[in-house]
Amino acid sequence: MYSRTVLEHFADPHNVGVIEDADGFARVKSTVHDDMIDLYIRVQDGRIADIKYRTFGCAAAIASSSITTDLAKGLPLPEAAALSNEQVVAALGGLPEDKIQCSLLAPEALHLAIEDYYRKKSQSPEAPSP
């Protein structure tokens, strides 16, 4: 049985969409199911100023994507990068054991999008050379 929070985020997901020319991007596909997420971040002053996603998957995958973006928005990059799977599941009010795997995509995508941002930033012309 899903919690009220899961059902609310599934029925009315937050931050759905695409950020054109995103500062960071990640696509994560489940190795277990057909679930997939594309996650985009916009960074300003070292914080996640905007975050959007498109998730193809079950209620748990969609709800965890929605709440992950809510939790990450506005955070400094190091705090957003530290967001754990356990924090996401706890914020959802828990998930059935067989749906935990579905909730792992969004935090993983967030971490990879932040890595993508840092990679792009280190390769940008304005970055100082070592």
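Residues numbered from 1 in each chain as written. Predicted model: local features only at pLDDT ≥ 70, side-chain atom pairs only at ≥ 80, totals over all residues. Heavy atoms only, no water.

**Section: the confidence of the model for the protein**
(1) Moving on: Overall, the predicted model of the protein reaches an average pLDDT of 92, with 95% of residues at or above 70.
(2) Moving on: Averaged pLDDT values for the elements of the protein fall to 86 in helix H5 (residues 100-103) and rise to 98 in strand E2 (residues 36-44). (pLDDT = per-residue confidence, 0-100. Helix = DSSP H or I, 4+ residues; strand = E, 2+ residues; numbered from the N terminus.)

**Considerations on the packing of helix H2 (residues 59-72) against helix H6 (residues 105-123)**
(1) Moving on: At a minimum axis separation of 8 Å, H2 and H6 run at an interaxial angle of 45 degrees. With respect to their mutual orientation, H2 and H6 come out oblique. H2 and H6 meet at a crossing whose hand is right-handed. Judged by residue contacts, Ser-64, Ser-65, Thr-68 and Ala-72 of H2 engage Ala-106, Pro-107 and Leu-110 from H6. (Axes fitted to C-alpha atoms, helices over the stretch in contact; angles between N-to-C directions. Parallel < 35°, antiparallel > 145°, perpendicular 65-115°, else oblique. Left-handed = near helix turned anticlockwise from the far one by under 90°. Contact = heavy atoms within 4.5 Å.)

**What to know about the pattern of salt bridges**
(1) Moving on: Summed over all chains, the structure comprises 8 salt bridges.
(2) Moving on: Two residues, Asp-23 and Arg-42, come together in a salt bridge whose shortest N-O distance is 3.5 Å. Linking Asp-23 in the loop between helix H1 (4-11) and strand E1 (24-29) with Arg-42 in strand E2, this pair joins segments that are 19 residues apart in sequence.
(3) Moving on: With relative accessibility at 27%, the residue Arg-42 sits in the partly exposed group.
(4) Moving on: The shortest N-O distance in the salt bridge between Arg-27 and Asp-38 comes to 2.6 Å. With Arg-27 in strand E1 and Asp-38 in strand E2, the pair connects residues that are 11 residues apart, well separated along the chain.
(5) Moving on: Judged by relative accessible area, Arg-27 falls into the partly exposed class, the value being 47%.
(6) Moving on: Accessibility expressed as a relative area gives 1% for Asp-38, which makes it buried.
(7) Moving on: It is possible to trace a salt-bridge network through shared partners that takes in Arg-27, Asp-38 and Arg-54. (Salt bridge = Lys/Arg side-chain N within 4 Å of Asp/Glu carboxyl O. Buried < 20%, exposed > 50% of the residue type's maximum accessible area, 1.4 Å probe, protein only.)

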